[in-house]
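Examining the three-dimensional arrangement
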Amino acid sequence: MGLACPLPVIGVVRTARASMETTPVQSALNPRESGVIEISPDYAAGLAGLTGFDYAWLLTWLHDPNDEVTRPSPLTQVPFLLRAEQRRLGIFATRGPRRVNPIGLSLVRLRGVAANRVEFGGVDLIDGTPVIDLKPYVGRFDRPDGEPRCGWFDTVAFVDGVTPSDLGRPTDGA
């Protein structure tokens, strides 16, 4: 395909989390923990009007600060939530951080917006994670009608605050 896709970093996430293994696997499973998005001054004007929303989609670049070598992501992986079963799935059927393009998607609760800072609840990111976009959650657009099927996620029990290290030994970073 060969298309260029420049993604400027618009800010950085600040949390108390330092490693992927000890960071909750999804923002919805860690609603009480707070973090801060520091938006670059060049993009701070883009926060105007965000205070009228309760939630926002936080899009991030899921870098691994402990991995200086960029490794190709395997197209099949064992997701964090299936470590006990060691069940492999295609990367596009998972939400793990090791992806072809490691773009993170977190639905976060907005707790405050001031100057170039956004305080949020729902930490599922390590400190220093680059932010590539922030979009308001709009129920009329983002919440589908009925009860959508969620594949293998429909068969997994979720525990608040669960981290990859809680789920057994690492396999291939999914």
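Residues numbered from 1 in each chain as written. Predicted model: local features only at pLDDT ≥ 70, side-chain atom pairs only at ≥ 80, totals over all residues. Heavy atoms only, no water.

1. Let's talk about the packing of aromatic side chains
Taken as a whole, this structure holds three aromatic pairs when the rule is applied. Here the aromatic rings of Tyr55 and Tyr137 are separated by 6.3 Å at their centres, their planes lie at 70°, and the arrangement is edge-to-face. Here Tyr55, found in strand E3 (residues 55-61), pairs with Tyr137, found in the loop between strand E8 (130-136) and helix H1 (139-142); they are 82 residues apart in sequence, far enough to count as distant. For Tyr55, a relative accessible area of 30% corresponds to the partly exposed category. Aromatic pair Trp152 and Phe153: ring centres 3.9 Å apart, planes at 25°, arrangement stacked. On the basis of relative accessible area, Trp152 is assigned to the buried category, the value being 9%. A network of ring pairs unites the aromatic residues Tyr55, Trp57 and Tyr137 as a single cluster. (Phe/Tyr/Trp six-rings, centres within 6.5 Å; stacked < 30°, edge-to-face > 60°. Helix = DSSP H or I, 4+ residues; strand = E, 2+ residues; numbered from the N terminus. Buried < 20%, exposed > 50% of the residue type's maximum accessible area, 1.4 Å probe, protein only.)

2. As for the nonpolar core
If you look at the biggest cluster of nonpolar residues, it comprises 16 residues, and the most contacted ones within it are Ile37, Leu58, Val118, Phe120 and Leu134. Those elements giving two or more residues to this core turn out to be strand E2 (34-39), E3, strand E6 (103-114), strand E7 (117-121) and E8. Apart from residues no more than four positions distant in its own chain, Leu58 is found in contact with Val13, Ile37, Gly104, Leu105, Ser106, Val108, Phe120, Leu125, Val131, Asp133 and Leu134. Within the second largest apolar cluster, nine residues are counted, among which are Leu29, Phe80, Trp152 and Val162. (Core = buried A, V, L, I, M, F, W, Y, C linked by side-chain atoms within 4.5 Å. Contact = heavy atoms within 4.5 Å.)

3. Re a nonpolar patch on the surface
Judged by side-chain polarity, Leu7, Trp61 and Ile103 come together as a nonpolar surface patch covering roughly 240 Å² of accessible area. The topology assignment puts Ile103 in strand E6. For Ile103, a relative accessible area of 34% translates into the label partly exposed. (Patch = residues over 30% accessible without salt bridge, like charges linked within 9 Å, V, L, I, M, F, W, Y side chains within 5 Å. Areas by Shrake-Rupley, 256 points an atom, 1.4 Å probe, with all protein chains shown as cover. Salt bridge = Lys/Arg side-chain N within 4 Å of Asp/Glu carboxyl O.)

4. Regarding the side chain of Thr60
With respect to the element layout, Thr60 can be found in strand E3. Here Thr60 is in contact with Val13, Pro102, Ile103, Gly104, Leu125, Thr129, Pro130, Val131 and Ile132, once residues within four sequence places are set aside.

5. Describing the layout of surface pockets
One simple way to see leftover space: roll a probe sized like a water molecule over the atoms. For the largest pocket, the calculated volume is near 690 Å³. Lining the largest pocket are 26 residues, and of these Gln26, Ala28, Trp57, Arg95 and Leu107 lie nearest its centre. Elements with a contribution of two residues or more to the lining of the largest pocket: E3 and E6. With five residues, the single largest contributor to the lining of the largest pocket is E6. A breakdown of the residues in the lining of the largest pocket according to their chemical character gives 15 nonpolar, six polar and five charged. The computed volume of the second largest pocket comes to approximately 540 Å³. Forming the boundary of the second largest pocket are 28 residues, of which Gln26, Leu62, Arg95, Gly96 and Pro97 lie nearest the centre. For the lining of the second largest pocket, the per-class residue count stands at 17 nonpolar, eight polar and three charged. (1 Å grid on protein atoms, 1.4 Å probe; cavity = no way out; pocket = protein on both sides within 12 Å on 5 of 7 lines; lining within 4 Å. Points joined across faces, edges and corners; volume = space filled by probe spheres on them. Nonpolar A, V, L, I, M, F, W, Y, C, P; charged D, E, K, R; others polar.)

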